[in-house]
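Below, each chain spelled out in residue letters.
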Amino acid sequence: MTGLQGLLRPVAGPRALRIDVRQNILYVGFVVLFAVFAATLGDEGFTTSNNLLNIIRQTATISVMAVAVTFVIGAAEIDLSVGAVAGLASVICAMAIDSYGVVPGILAGVLLGAVVGAINGSLVVGLGMPSFLVTLGMLGIAHGTAQWITDSAPQPILSDSFNNVFGSGDLGPIPSLVIWTAVAVAIGHVLLRRTAYGRGVLATGGNEEAARFSGVPTRRIKFTVMMASSTVAAIAGMLYAGRLQSGRFQWGEGDELSVIAAVILGGTSLFGGRASVVGALLGSLMIGLINNGLTLMGLEFSQQQIVRGAIIILAVALARRV
Amino acid sequence: MTGIAKAFSGVTVLDDVSFDVRAGETHALLGGNGAGKSTLMKILEGVYALDRGTIEIDGERVELASPQSARRHGVAMIFQELSLVPTLTVAQNIYLTRESRTRGGLLDDRALERRAGELLAELGVDVDPRAEVGRLGAASMQLVEIAKALSQDARVLIMDEPTASLARSEVEALFSIIGRLKERGIAIVYITHRLEEVMAVADRVTVLRDGRLVGTRPTSELDVEALIELIVGTAVEQALERGERTVDRSGTPLLSLRAVSTPTGLEGIDLDLYAGEIVGIAGLMGSGRSELARAIFGVDALSAGEIRLRGERARIRRPADAIEHGIVLVPEDRRRQGLVLGHSVERNLTLTLLRRLTRGGLLDEDEGVGVAERYVARLGIRTRSLDTPVRRLSGGNQQKVVLAKWLATEPEVLILDEPTVGVDISTRSEIADLVRGLAEQGKAVLVISSELAEVLALADRILVLREGRIHRCVSRADVADEPELHRLVQEAA
């Protein structure tokens with residue numbers, strides 16, 4: 001048995017350096033894409049720090065939602081309602097600020113997310129419904145509600161302090177949206193990699209039955225990932241509201257697809273069990289990078305959609321081959 | 001089949017085995033776990049390629065390179081896990097990919113149902129061809145499988161434990177259908193552990209042991225006694241030799257069950273398990289062996305009765321509760337219930353320890369690695385590294401990982417459900433030594449096994465289950481040898 005020790009490669013080394021092969025592909029792709037854009041679009045101002053910060057700012061809502069959805073997909077569930085919940089939260093928050101002030105407005109937005117998430121989670125765990133269908137239904141309900149209660153009209157937010165904290169302002173040289181993104185990724189990364197909860201999420205996604213047999217509270221985990229996903233989506237909705245200084249039912253519309261694309265690009269398995277928060281951030285930034293680069297190239301929106309779709313398919317295909 | 005040999009990664013599992021089945025005959029294929037029955041049949045089904053030997057059908061040599069080619073030659077397997085689409089009707093299932101069509105080329109379900117109805121009536125099967133398969137009982141599904149195979153002109157049917165999930169009356173119905181199949185000249189290979197059934201239904205018997213042919217005899221020359229002798233043989237595996245042990249049963253039992261019943265079929269189970277004791281659970285498939293394990297571990301709810309730990313009632317409603325009480329289960333199906341196959345050895349090993357490894361809200365990874373290293377060394381788990389996905393480990397090493405992840409929780413009561421299924425011989429004896437060592441340390445162990453030699457080698461007491469009840473409870477010292485335990489289990493059938 002002593003010979004066995006020799007067979008084990010030293011595992012106590014720097015674990016932070018152990019990176020999934022598929023993620024490596026993402027890093028490489030990210031760098032290559034960046035280099036291509038930098039070389040071809042340098043004159044259009046791609047590499048200016050302003051433009052780069054802009055990319056992070058524009059993708060902030062996607063990045064923040066992607067952090068929470070990484071847990072959902074890691075647990076082998078899905079949440080299609082994040083974009084619609086973000087829109088509804090932006091509206092609720094804006095209306096509550098108008099009537100009751102900033103703090104009640106923020107609380108109303110967060111509470112909305114928690115309630116929607118609790119409903120999603122209860123239906124998935126309690127009734128055993130597939131999360132795909134539950135959240136598909138919730139997408140329609142949230143989107144319709146947001147449009148209905150506002151009569152499709154934008155709800156302006158006049159509080160400068162809210163707008164500054166949620167999206168428009170800066171902290172010193174750093175835009176507040178960058179800080180939101182960094183905080184969300186940091187919390188998500190530690191939670192996923194370094195806590196019993198995160199390990200339980202991955203075990204549940206990898207093999208729910210074995211996880212349950214091992215004493216992992218799989219039901220609680222599935223409920224909480226759904227709940228957190230909607231709550232974080234609501235916060236993302238408020239980031240939209242702060243950046244655009246209003247609540248509107250269209251904020252976040254269609255984001256669920258970008259979020260899922262970002263998460264999967266980041267190396268999270270669509271079937272659960274393997275997930276990466278940092279990867280999701282990179283996936284989100286990559287989508288932002290593509291959007292930005294294509295805009296600077298002067299492509300029309302329709303053309304951008306085609307190229308973006310092709311790049312995403314290519315990236316996932318490359319990651320699969322490894 | 002003549003002179004069949006097969007080895008997996010150098011380990012011989014079949015050595016010069018010959019087997020034949022005649023038209024209109026039911027031929028029982030018998031042997032203990034690992035005797036090579038399923039490997040032999042998988043070769044006949046075209047799942048495995050043979051290393052040596054020949055297969056002839058109707059006197060002509062054939063190559064069965066795939067399940068499709070086996071089907072073309074008229075060999076069909078009636079699966080234990082049925083291969084039907086539950087959302088389609090009986091008729092649609094029977095003629096899947098060979099549907100009747102209207103003149104316009106569209107599917108003609110009515111013609112399909114008529115054909116299926118005729119076929120089922122011919123077999124004497126009372127199943128509505130329009131019924132959705134998912135709503136049928138296990139027995140009807142099996143009959144639909146048989147009908148499906150016949151509709152594809154099958155002439156050799158392989159039935160693997162066909163009665164495992166059937167009630168008594170359904171077994172009789174199946175036997176009468178087997179009778180009709182024989183009249184039609186169908187050859188049937190019948191695999192089972194239930195020797196009474198062999199006597200009732202088989203014309204001839206072939207017994208395999210350790211991958212070798214023991215013999216083929218007409219059933220009329222045999223009785224259950226003789227069958228047991230053929231299956232068990234005289235050689236006792238050295239690895240599973242039993243050492244004498246004494247157990248102190250004077251105090252309070254560590255684990256007690258009182259009149260435990262479950263919706264899964266257990267009825268009024270009483271059991272006392274003492275510290276330092278190994279109790280073996282024997283019984284045929286469907287006797288409630290695994291159900292007992294699941295009930296104690298909190299996977300299935302109790303409908304009546306109670307579980308006590310050191311004399312005090314314990315509420316166990318989910319596995320987490322059982323683990324809290326120091327009860328752990330090494331489950332029957334390690335790939336589905338025991339392991340997250342895509343995750344690393346270390347992650348699997350520490351999955352049961354997450355709460356213990358948490359310091360100030362964060363997992364202490366170094367300690368997790370330390371624990372994993374310790375148990376990998378202690379159990380001699382052969383893996384390239386702690387980061388290797390357990391999927392890549394051999395069956396024996398996978399099972400050691402499951403054992404290790406539970407040992408790491410330092411439990412008091414261990415339930416081992418089929419601890420050595422799919423595990424090589426040397427690992428088996430290692431696991432047996434480990435289990436004995438655990439009992440020496442004062443743990444209580446429940447060993448559930450269909451391998452009677454294993455039960456005999458390990459247990460201090462043996463419970464024989466039958467239809468969810470305790471049929472017999474005997475001290476190990478009162479069971480002379482494996483044939484005797486075999487008889488106890490068979491009389492419970």
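Residues numbered from 1 in each chain as written. Chains lettered and ligands numbered in written order. Predicted model: local features only at pLDDT ≥ 70, side-chain atom pairs only at ≥ 80, totals over all residues.

(A) Geometry of helix α12 (residues 255–265) of chain A. Among the 11 residues in α12(A), 10 count as buried, and that is most of the element. Restricting attention to buried positions, one finds in α12(A) the residues D255(A), E256(A), S258(A), V259(A), I260(A), A261(A), A262(A), V263(A), I264(A) and L265(A). (Buried ≥ 20, exposed ≤ 12 C-beta atoms within 10 Å, placed from the backbone. Helix = DSSP H or I, 4+ residues; strand = E, 2+ residues; numbered from the N terminus.)

(B) Layout of the interface of chain B and chain A. Chain B puts 31 residues into the contact, and the matching count from chain A is 28 residues. Those elements giving two or more residues to the side of chain B that touches chain A turn out to be α10 (319–324), α11 (334–338), β18 (362–363) and α13 (365–379) of chain B. Looking at which element gives the most residues to the side of chain B that touches chain A, the answer is α13(B), with 5 residues. Residues of the side of chain B that touches chain A, tallied by class, amount to 15 nonpolar, 9 polar and 7 charged. (Contact = placed C-beta atoms within 7 Å. Nonpolar A, V, L, I, M, F, W, Y, C, P; charged D, E, K, R; others polar.)

(C) Layout of the domain arrangement of chain B. Residue and element names in this part refer to chain B. Domain boundaries in chain B define domain 1 (2–232) and domain 2 (238–491). Counting from both sides, the interface comprises 14 residues of domain 1 and, opposite them, 12 residues of domain 2. Where the side of domain 1 that touches domain 2 is concerned, the elements lending two or more residues are α7 (195–201) and α8 (224–232). The element that contributes the greatest number of residues to the side of domain 1 that touches domain 2 is α8, accounting for 4 residues. Tallied by class, residues from the side of domain 1 that touches domain 2 come to 6 nonpolar, 4 polar and 4 charged. (Domains from an automatic or database assignment.)

(D) Just unusual backbone geometry, in detail. Although it is not a glycine, Q245(A) adopts a positive phi angle of roughly 50°. The residue Q245(A) is located in the loop between α11 (218–244) and β4 (246–247) in this model. Although it is not a glycine, E467(B) sits at a positive phi angle of roughly 45°. Structurally, E467(B) is set in the loop between β21 (461–466) and β22 (469–475). Assessed through the 16 C-beta atoms surrounding it within 10 Å, E467(B) is described here as partly exposed.

(E) Geometry of the pairing of strand β4 (residues 52–57) of chain B. All names here are of chain B. Where strand β1 (residues 2–8) lies against β4, 2 bridges are found, and the strand directions are antiparallel. Bridged to A5 within β4 is R52. If you look at the hairpin formed by β4 and strand β5 (residues 60–62), you'll find 2 residues sitting between the two strands, and D58 has a positive phi there, around 55°. (Pairing = 2+ DSSP bridges.)

(F) A look at the confidence of the model for chain A. On average, residues of chain A score 89 in pLDDT, and 92% of them reach the 70 mark or higher. Here residues 1–19 of chain A is a poorly scored stretch, pLDDT under 50, and it has 18 contacts once near neighbours within four places are set aside; other chains count. (pLDDT = per-residue confidence, 0-100.)

(G) Region of interest: the packing of helix α3 (residues 49–74) of chain A against helix α13 (residues 277–296) of chain A. Residues and elements named next belong to chain A. It is the contact of α3 with α13, at a shortest axis distance of 8 Å, that shows an interaxial angle of 140°. Taken together, the axes of α3 and α13 lie oblique to each other. In this structure, α3 crosses over α13, and the sense of that crossing is right-handed. Contacts between α3 and α13 involve N51, I55, I56, Q58, T59, I62, S63, A66, V67 and T70 from the former and V277, A280, L281, G283, S284, L285, I287, G288, L289 and N292 from the latter. Here the residues of the contact of α3 with α13 sort into 11 nonpolar, 9 polar and no charged. (Axes fitted to C-alpha atoms, helices over the stretch in contact; angles between N-to-C directions. Parallel < 35°, antiparallel > 145°, perpendicular 65-115°, else oblique. Left-handed = near helix turned anticlockwise from the far one by under 90°.)

(H) Local environment of helix α4 (residues 109–123) of chain B. Residues and elements named next belong to chain B. Here α4 is 15 residues long and its end C-alpha atoms lie 21 Å apart, about the 21 Å a rise of 1.5 Å per residue gives. Every buried residue of α4 is accounted for by L112, E113, A116 and L120. An end-on view of α4 places all buried positions within 95° of arc, on one side of the element. Facing away from the buried side of α4 by more than 90 degrees, the exposed set consists of R110, E118, A121 and E122. Considering only its buried residues, α4 is in contact with α3 (90–94) and α5 (138–151). Just downstream of α4, G124 is the residue with a positive phi angle, here 75°. (Expected span 1.5 Å × (residues − 1). Arc of directions from axis to C-beta.)

(I) Spotlight on the nonpolar core. If you look at the biggest cluster of nonpolar residues, it comprises 175 residues, and the most contacted ones within it are V64(A), M65(A), V69(A), V85(A), L239(A), I415(B) and V447(B). No other element matches the 14 residues that α11(A) contributes to this core. Excluding anything up to four places from it in sequence, I415(B) contacts A293(B), I296(B), F297(B), L329(B), V330(B) and L446(B). V133(B), I158(B), I188(B) and I228(B) belong to the second-largest nonpolar core, a separate cluster that totals 63 residues. (Core = buried A, V, L, I, M, F, W, Y, C linked by C-beta atoms within 7 Å.)

(J) Quick look at the packing of helix α4 (residues 82–100) of chain A against α12(A). Residue and element names in this part refer to chain A. Relative orientation of the contacting elements α4 and α12 amounts to 130°, with a least axis distance of 6 Å. By the criterion of interaxial angle, the relationship of α4 to α12 is oblique. From α4, V82, G83 and A86 reach across to α12, where they touch D255, E256 and V259.

(K) Region of the structure containing the sheet that holds strand β19 (residues 413–417) of chain B. All names here are of chain B. The strand order across the open sheet built from 6 strands is β16-β19-β20-β13-β21-β22, with neighbouring strands paired in mixed fashion. Of all strands in the sheet, those with a lone pairing partner are β16 (327–330) and β22, marking the two edges. Pairs of neighbouring strands in the sheet enclose a mean axial angle of 20°, with direction left out of account. Across 4 bridges, the pairing between strand β13 (residues 278–282) and β21 is parallel. Its bridge partner being in β21, I281 is matched across the sheet by L463. Contacts from helix α9 (residues 289–296) reach β13, β16, β19, β20 (444–448) and β21 within the one sheet, and its direction differs from that of β19 by about 150°. Along the sheet, helix α17 (residues 482–491) makes contact with β13, β21 and β22, crossing β21 at roughly 30°.

(L) Structural view of the sheet that holds strand β11 (residues 255–261) of chain B. Residue and element names in this part refer to chain B. Strand order across the open sheet formed by 4 strands is β12-β11-β14-β15, with antiparallel pairing between neighbours. Every other strand in the sheet has two partners, leaving β12 (269–273) and β15 (312–314) as the edge strands with one partner each. For this sheet the average axis-to-axis angle between neighbouring strands, irrespective of direction, equals 25°. As paired elements, β11 and β12 share 4 bridges and run antiparallel to each other. Looking at β12, one finds that V260 is bridged to I269.

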